[in-house]
Amino acid sequence: LGARAAASRCREAPTASLSGATHRLRLDFGRETGTWMPPRWSQSGRHEFTLDVRTEDDGTATIVEPPRPVRGLALATGIKWAVDRAAWRVDQDRGACTLRMVLEHQGLEVSDCVLDPGELSLAIPFFPPATISRKEGLMSIIAYRFVVRKERR
């Protein structure tokens, strides 16, 4: 019964509680030890941006406030980063809910931290009816390994 009730809340939650809400996203770019990242990528340190988005009924998200640098070399140099579009949805898996958002951006280059234009995928736990986790979520990109294999990193 518990899993079924949670699944029901996940299905109802997007339009009931998230539509029209404004959220501040904190995006932290930098090297993560023990990952696929090349050893020299982002040796200059971490770069953090905030971005305000409003979730809409149709699954899109409106950029309320464009990305602003708040930490690192991006802040010191006044780097601009453009996000063109955003979309969101809530997924349910075994009774747990996850808020997922995709940001389409024009690329970012801060010294040796280079992100090609494309999509950023964000995921964070969501607790219906309206609580989004305050802990760190996941941020990933779609990239190619060995030129042919497409994977999420």
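Residues numbered from 1 in each chain as written. Predicted model: local features only at pLDDT ≥ 70, side-chain atom pairs only at ≥ 80, totals over all residues. Heavy atoms only, no water.

Caption draft 1: Structural context of the pairing of strand β3 (residues 60-71). Across 7 bridges, the pairing between strand β2 (residues 47-55) and β3 is antiparallel. Note that in β3 the partner of Val53 across the bridge is Ile63. Where β2 hands over to β3, the hairpin turn is made up of 4 residues, of which Gly59 adopts a positive phi near 90°. One ladder, built from 2 bridges, connects β3 with strand β4 (residues 83-93); its direction is antiparallel. Along β4, the bridge assignment pairs Thr60 with Ala87. (Pairing = 2+ DSSP bridges. Helix = DSSP H or I, 4+ residues; strand = E, 2+ residues; numbered from the N terminus.)

Caption draft 2: Just the confidence of the model for the chain, in detail. For the chain, per-residue confidence averages 76 on the pLDDT scale, and 74% of positions sit at 70 or higher. No element of the chain has a lower mean pLDDT than helix α1 (residues 2-18), at 49, and none a higher one than β3, at 91. Contacts for the low-pLDDT stretch residues 1-10, under 50 throughout, to residues beyond four places or in other chains number 10 contacts. (pLDDT = per-residue confidence, 0-100. Contact = heavy atoms within 4.5 Å.)

Caption draft 3: Molecular detail of the packing of aromatic side chains. In the structure shown here, the tally under the stated rule is 3 aromatic pairs. Pairing Phe29 with Phe49 gives two aromatic rings, centres 6.1 Å apart and planes at 75°, and the pair type is edge-to-face. Of the two residues, Phe29 sits in strand β1 (residues 22-29) while Phe49 sits in strand β2, which places them 20 residues apart along the sequence. When its relative accessible area of 5% is taken as the criterion, Phe29 is described as buried. Aromatic pair Phe49 and Trp81: ring centres 5.4 Å apart, planes at 55°, arrangement tilted. (Phe/Tyr/Trp six-rings, centres within 6.5 Å; stacked < 30°, edge-to-face > 60°. Buried < 20%, exposed > 50% of the residue type's maximum accessible area, 1.4 Å probe, protein only.)

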